[in-house]
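Observations on the three-dimensional arrangement
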Amino acid sequence: MDVFDAMRTRASLAKLKPDAVPRELIEQLLDVAVWAPNHKMTEPWRFWVWSGASREKLARAFCDNYRRDHPDADQDELDGPGCKTANRVLAAPVTLVVTSDVGRNETETLENLVSASLAIEHILLAAHALGLGAYWRTGEGIYTQPNALLELLQLPQSARVAGFVLLGYPESTERTRRRTPWQEKTQWFD
Ligand SMILES: Cc1cc2nc3c(=O)[nH]c(=O)nc-3n(C[C@H](O)[C@H](O)[C@H](O)COP(=O)(O)O)c2cc1C
């Protein structure tokens, strides 16, 4: 698949089969993720791969974050919307959490997050090329402060979660996607 095709045809695919994804394929994704551009060679990304029973721990962190963000939520809300992200994690064979390191100043921290986000795009494109289904998720829970996910990863609260990628074999690759033509987003200065 050429890079132009990959960029045009990649789609967020949320319906994933429960089948396990071979570790070699995940390693291939990570192998290209680290080739993303990054300013001052900070290589700020960290990858946290969750599969099998370990997903329960990760899922719990998302429920905890919801509880922290919604201190008045009753049990029904906590068990329902409160665990929506957690249920997504449990439904996907693999969740790849991508964090970005805190920088030496605010600008560097911001640019680190941008670089980690580019690493996620590399992962998504590579997953697509390998026939895997994937989608990037953030959800409000990753912005919670203090954040249960960072606590679980034993990272400082100043670290950022760039997002997480839910990964597996897709149930279907059919998906209607839409984009505004680039011409409507572009001005030329000659
Ligand atoms: C920064 C970022 C955060 C995202 N967060 C979520 C999310 O929390 N939940 C979700 O379902 N999709 C999320 N997405 C995926 C977008 O919904 C998806 O890219 C968009 O609908 C366009 O569809 P496509 O990826 O198939 O082109 C996120 C994408 C980005 C770039």
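See the structure printed just above.
Computed from a predicted model, the values in this text were never measured in an experiment. (Residues numbered from 1 in each chain as written. Predicted model: local features only at pLDDT ≥ 70, side-chain atom pairs only at ≥ 80, totals over all residues. Heavy atoms only, no water.)

1. As for the side chain of Ser 117
Along the chain, Ser 117 turns up in helix H6 (residues 106-129). A distance of 2.8 Å separates the side chain of Ser 117 from the backbone oxygen of Leu 113, its partner in a polar contact. Not counting residues up to four positions away in its chain, the partners in contact with Ser 117 are Trp 136 and Ala 162. (Helix = DSSP H or I, 4+ residues; strand = E, 2+ residues; numbered from the N terminus. Polar contact = N/O pair within 3.5 Å; in protein donor to acceptor, adjacent residues only side chain to side chain. Contact = heavy atoms within 4.5 Å.)

2. Some words on the site of the ligand
Neighbouring the ligand are Arg 10, Ala 11, Ser 12, Trp 136, Arg 137, Thr 138, Gly 139, Arg 175, Arg 177 and Arg 179. In this structure, an oxygen atom belonging to the ligand sits 2.6 Å away from a side-chain N or O atom of Ser 12. In this structure, an oxygen atom belonging to the ligand sits 3.0 Å away from a side-chain N or O atom of Arg 177. Among the residues making up the shell around the ligand, the classes are represented as two nonpolar, three polar and five charged. (Near = heavy atom within 4 Å. Nonpolar A, V, L, I, M, F, W, Y, C, P; charged D, E, K, R; others polar.)

3. Details of helix H3 (residues 55-69)
With 15 residues, H3 should cover 21 Å at 1.5 Å per step; its first-to-last C-alpha distance of 21 Å lies within 8% of that length. Among all positions in H3, only Arg 55, Leu 58, Ala 59, Ala 61, Phe 62, Cys 63, Asn 65 and Tyr 66 are buried. Where H3 is buried, its residues touch strand S1 (45-51), helix H4 (75-79), helix H5 (84-91), strand S2 (94-100), helix H7 (148-152) and strand S4 (160-168). (Expected span 1.5 Å × (residues − 1). Buried < 20%, exposed > 50% of the residue type's maximum accessible area, 1.4 Å probe, protein only.)

4. Overview of the pattern of salt bridges
In total, this model carries five salt bridges according to the counting rule given. With a closest N to O distance of 3.1 Å, Arg 23 and Glu 27 form a salt bridge. Remark: Glu 27 and Arg 23 occur in helix H2 (residues 23-33); sequence separation between them is four residues, near one turn of the helix. One salt bridge in this structure joins Arg 104 and Glu 108, with 2.8 Å as the shortest N-O distance. Under the relative-accessibility criterion, Arg 104 is labelled exposed at 65%. On the accessibility criterion, Glu 108 (8% relative accessible area) is buried. (Salt bridge = Lys/Arg side-chain N within 4 Å of Asp/Glu carboxyl O.)

5. With respect to the packing of H2 against H6
Packed helix pairs are specified by the crossing angle of their axes together with the interaxial distance, meaning the distance between the axes. At their nearest, the axes of H2 and H6 sit 8 Å apart, and the two run at 140° to each other. Overall, the two elements H2 and H6 adopt an arrangement that is oblique. Pair H2 / H6 crosses with right-handed handedness. Contacts between H2 and H6 involve Leu 29, Leu 30, Val 32 and Ala 33 from the former and Ala 119, His 122, Ile 123, Ala 126 and Ala 127 from the latter. Tallied by class, residues from the contact of H2 with H6 come to eight nonpolar, one polar and no charged. (Axes fitted to C-alpha atoms, helices over the stretch in contact; angles between N-to-C directions. Parallel < 35°, antiparallel > 145°, perpendicular 65-115°, else oblique. Left-handed = near helix turned anticlockwise from the far one by under 90°.)

6. Looking at the state of the cysteines
Taken as a whole and judged by the stated rule, the model has one disulfide. One disulfide in the model links Cys 63 with Cys 83; its S-S distance is 2.4 Å. Note on the Cys 63 and Cys 83 pair: the S-S dihedral is about 140°, so by sign convention the disulfide is right-handed. Remark: Cys 83 occurs in the loop between H4 and H5 and Cys 63 occurs in helix H3; sequence separation between them is 20 residues. Comparing Cys 63 with Cys 83 shows no difference in burial state: the two are buried. (Disulfide = S-S within 2.5 Å.)

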